[in-house]
Amino acid sequence: GAVVSQHPSWVICKSGTSVKIECRSLDFQATTMFWYRQFPKQSLMLMATSNEGSKATYEQGVEKDKFLINHASLTLSTLTVTSAHPEDSSFYICSALRTSGTGELFFGEGSRLTVL
Amino acid sequence: DAKTTQPPSMDCAEGRAANLPCNHSTISGNEYVYWYRQIHSQGPQYIIHGLKNNETNEMASLIITEDRKSSTLILPHATLRDTAVYYCIVGGSNYKLTFGKGTLLTVNP
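So, here's what we can say about the structure. Keep in mind it's a predicted model, so treat the numbers as computed, not measured. For every chain, the first residue of its written sequence is number 1, and the numbers climb from 1 along that sequence. Chain letters and ligand numbers both follow the written order, the letters beginning at A and the numbers at 1. Thresholds applied to this predicted model are a pLDDT of at least 70 for local features of residues and 80 or more for the giving and counting of side-chain atom pairs; totals over whole chains, interfaces and linings are not thresholded and use all residues. Heavy atoms from the whole structure form the basis of all side-chain values; hydrogens and water molecules are not counted.

## Notes on the state of the cysteines
All names here are of chain A. The criterion for a disulfide is a pair of cysteine sulfur atoms lying within 2.5 Å. Summed over the entire model, instances satisfying the criterion amount to two disulfides over all chains. Disulfide pairing is shown between Cys23 and Cys94; the S-S distance is 1.9 Å. Handedness here is read from the sign of the S-S torsion; for Cys23 and Cys94, about 80°, the answer is right-handed. Highlighted residues: Cys23 in strand S3 (residues 19-25) and Cys94 in strand S9 (residues 90-97), separated in sequence by 71 residues. Secondary structure counts use DSSP, requiring at least four H or I residues in a row for a helix and at least two E residues in a row for a strand, with both numbered from the N terminus.

## A look at the packing of aromatic side chains
Geometrically, a pair of aromatic rings is defined through the distance of the ring centres and the angle of the planes. Note on aromatic pairs: the rings of Phe, Tyr and Trp (six-membered ring only in Trp) are paired at centre separations within 6.5 Å, and the planes decide the class, stacked below 30 degrees, edge-to-face beyond 60, tilted for the rest. Under the defined criterion, the tally for this structure stands at 11 aromatic pairs over all chains. The interplanar angle of 55° and the centroid separation of 5.7 Å between the aromatic rings of Phe28(A) and Phe106(A) together place this pair among those described as tilted. Pair noted here: Phe28(A) is in the loop between S3 and strand S4 (32-38) and Phe106(A) is in strand S10 (residues 105-107), with a separation of 78 residues, a long-range link. On the numbers, 5.1 Å between centres and 80° between planes, the contact of Tyr87(B) with Phe99(B) is edge-to-face. Taken together, the residues span a long stretch of sequence, with Tyr87(B) in strand S8 (residues 84-91) and Phe99(B) in the loop between S8 and strand S9 (103-108) at a distance of 12 residues. The same class applies to Tyr87(B) and to Phe99(B), which are both buried. Only protein chains enter the area calculation, which uses a 1.4 Å probe; residues under 20% of their type maximum are buried, those over 50% are exposed, and those in between are partly exposed.

## Some details on the interface of chain B and chain A
On the side of chain A, 19 residues touch chain B, which itself brings 16 residues to the contact. Summing both partners gives a buried area of about 1,400 Å² for chain B against chain A, and 56% of it is carried by carbon and sulfur. Each of two parts loses accessible area, computed with a 1.4 Å probe, when they are put together; buried area is these two losses added. Looking at the side of chain B facing chain A, the largest losses of area belong to Tyr95(B), Lys96(B) and Phe99(B), adding up to 37% of the total buried there. The term salt bridge refers to a side-chain nitrogen of Lys or Arg lying within 4 Å of a carboxyl oxygen of Asp or Glu. As a salt-bridge pair, Lys96(B) and Glu59(A) come within 2.8 Å of each other at their nearest N and O atoms. By the criterion applied in these results, polar contacts are pairs of N or O atoms within 3.5 Å in which, for protein atoms, one can donate a hydrogen and the other can accept it, and in which residues neighboring in sequence qualify only through two side-chain atoms. Here chain B is connected to chain A by five residue pairs in polar contact (both at pLDDT 80 or more). Of all the secondary-structure elements, those providing two or more residues to the side of chain B that touches chain A are strand S3 (32-38) and strand S4 (45-50) of chain B. Note that Gly is not counted as nonpolar here; it falls among the polar residues with everything else outside the nonpolar set of Ala, Val, Leu, Ile, Met, Phe, Trp, Tyr, Cys and Pro and the charged set of Asp, Glu, Lys and Arg. Here the residues of the side of chain B that touches chain A sort into seven nonpolar, seven polar and two charged. Pairs of residues are marked as contacts when any of their non-hydrogen atoms sit within 4.5 Å.

## Regarding the pairing of strand S8 (residues 76-81) of chain A
Residues and elements named next belong to chain A. The element S8 is extensively covered by neighbouring structure, given that six of its six residues are classed as buried. Where S3 and S8 come together, six bridges link them in antiparallel fashion. Bridge assignment links Val19 to a residue of S8, and that residue is Val81. Relative to S8, strand S7 (residues 67-73) runs antiparallel, the two sharing five bridges. Bridge pairing links Ile69 to Leu79 in S8. For two strands to count as paired, DSSP must find a minimum of two bridges between them. Connecting the antiparallel pair S7 and S8 is a turn made up of two residues.

Below, the structure written as structure tokens:
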């Protein structure tokens, strides 16, 4: 099946630093990717929709200046957590929509961010 | 997106069929029913989706009632590796999937 890769799979950073998480569709093109956040024992919460070549669309309550999303190519979207704080510690998951075939969504394995 | 209701947890014996129910009484005519599962600390895995007709693939079967207000995911022969949180999601063509709390399926030896 289609593969979506996230990098890094886990990262620890100091408070105040910025962290970039990559989401790649390895064997298909994805004009649309989605970013989710998941806190422990909770469900996934949609943060934003990333569209190739245009600005991301953020869900209500998600700060666009804090969570910068760039979707510069058909296979890569990046999420940058700027000036990270401990409350940003979470499991960040991306998904990519394969627009050919049946239009299925494929999820990455997630990136665990810990802010000290 | 329409809201779904799932039992918080279910148990199943290894080798038996696991039947996971989902209610989506407010589903719209153009919305699909998607099923994903998430094993601890991993990204969600696509299982199956359908619109009106029942669907089957190598992983599972999806039974959608005629009025489309509920559905059942069937894992025909559950294994220990099927222990996961199963999410039933209703979504339209924009693929913006809203995850609920899902059902924690525990397959017991």
